[in-house]
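What follows is each chain in one-letter form.
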Amino acid sequence: MTLSGVFKFLASAALALVAAILLSLAIKPQLRAALLAEFNDPADLPALPGDARVHYEPQARACAEAVAAVLPGAVAKIEAEHGRPFARPPVVGVYDDFETYARANGLNDRKVAGVSRAGRAVLSPTLCKSEGDRLASVLTHELSHVHFFGWRPRKAPRPPHWFTEGLAVLASDGGAAESVSDAEAREAIRHGYAIILDQSPWTNFLSIPFAAAPPCDAGCDLRTFRQRLAYRQAALFIGWLRESDRRAFFALMRGLESGEAFDAAFRVAFGAAPSERWTDFSAGLQASR
């Protein structure tokens, strides 16, 4: 092959590779969203002078200061709930523009109030606007994820969605499930509208399945209601596990943080599968009616 032929071959191969990448991004929205997030890292934003853990868009300075005011309490709360310090200081991204926030959150979703990824808690502009009352609870919820995954090896198998979200709701006293109370979640379980403990995709907030579809009244936002009911039920179950055997619970936490697979770590800690322990939990709820 001549030199010019080599160059033509390499150019064709490069174009084919670029085309394959572009096609993959077009077909897989999750991959596209993850790539957008890589180029919109909140750690690249200016750091707040009073707390370098907080990074913010210039227009979100007041919001960043509000975040800094509640951050120490949120960090202390999560370290107490998880039973150990953060593996490394968390980074918190604070945004004013919804489109910029969507590009940074790894989901390319402007509606979700907060997301954690790669050691960052990424907060929606809505938390300093229409949903300002949720700022501390959502921040604490996302810090639970940052803490948990901060200790785990990068390629460790991911625990099921119900566990990580339920843990975060429990640790934040209801963050991300504010509109559904413990009592409402218990009553839903008693009436057969209970979550099913499976390996739901973590990127789909509506993916945690129910044994029967919970009723949503007229005017109810199905996406929000179903997500928060699922998260609250998961938090109740995880809280019950912790209170029934704290030593086993923290053994499970340390096992998961070291990279163990969820089902195996759970069985070692509690001597049964999650579904078996859920049966015990739900039976207790029925007996307490």
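This text goes with the structure placed above it.
Residues numbered from 1 in each chain as written. Predicted model: local features only at pLDDT ≥ 70, side-chain atom pairs only at ≥ 80, totals over all residues. Heavy atoms only, no water.

## Thoughts on the layout of surface pockets
Reasoning step 1: Looking at the second largest pocket, its volume works out to about 170 Å³.
Reasoning step 2: Lining of the second largest pocket is provided by Ser179, Val180, Glu184, Glu187, Ala188, Tyr193, Pro214, Pro215, Phe225 and Leu229.
Reasoning step 3: By residue number, the principal contributor to the lining of the second largest pocket is helix H7 (residues 182-190), which donates three residues.
Reasoning step 4: Of the residues that constitute the lining of the second largest pocket, the class distribution is seven nonpolar, one polar and two charged. (1 Å grid on protein atoms, 1.4 Å probe; cavity = no way out; pocket = protein on both sides within 12 Å on 5 of 7 lines; lining within 4 Å. Points joined across faces, edges and corners; volume = space filled by probe spheres on them. Helix = DSSP H or I, 4+ residues; strand = E, 2+ residues; numbered from the N terminus. Nonpolar A, V, L, I, M, F, W, Y, C, P; charged D, E, K, R; others polar.)

## So, helix H11 (residues 274-287)
Reasoning step 1: End to end, H11 covers 20 Å across 14 residues, agreeing with the expected 20 Å (1.5 Å per residue, within 8%).
Reasoning step 2: Pro274, Arg277, Trp278, Phe281, Ser282 and Leu285 are the residues of H11 that are buried. Viewed end-on, H11 has its buried residues packed into an arc of 135°, placing them on one side of the element. (Expected span 1.5 Å × (residues − 1). Buried < 20%, exposed > 50% of the residue type's maximum accessible area, 1.4 Å probe, protein only. Arc of directions from axis to C-beta.)

## As for the state of the cysteines
Reasoning step 1: Applying the stated criterion to the full structure yields two disulfides.
Reasoning step 2: Between Cys63 and Cys128 runs a disulfide, and the two sulfur atoms are separated by 2.0 Å. Looking along the S-S bond of the Cys63-Cys128 disulfide, the torsion reads about 80°, which is the right-handed sense. Taken as a pair, Cys63 in helix H3 (residues 61-82) and Cys128 in the loop between strand E5 (120-123) and helix H5 (135-151) lie far apart in primary sequence, 65 residues in all. (Disulfide = S-S within 2.5 Å.)

## With respect to the pattern of salt bridges
Reasoning step 1: Under the criterion given, the structure shown has 20 salt bridges.
Reasoning step 2: For the salt bridge of Asp182 with Arg232, the shortest nitrogen-to-oxygen distance reads 3.2 Å. Taken together, the residues Asp182 in helix H7 and Arg232 in helix H8 (residues 222-244) connect sequence positions 50 residues apart.
Reasoning step 3: A salt bridge links Arg254 to Glu257; the nearest nitrogen and oxygen atoms lie 2.8 Å apart. Taken as a pair, Arg254 and Glu257 lie in helix H9 (residues 246-257) at a separation of three residues, close to a single helical turn.
Reasoning step 4: Residue classification places Arg254 among the partly exposed positions, given a relative accessible area of 27%. (Salt bridge = Lys/Arg side-chain N within 4 Å of Asp/Glu carboxyl O.)

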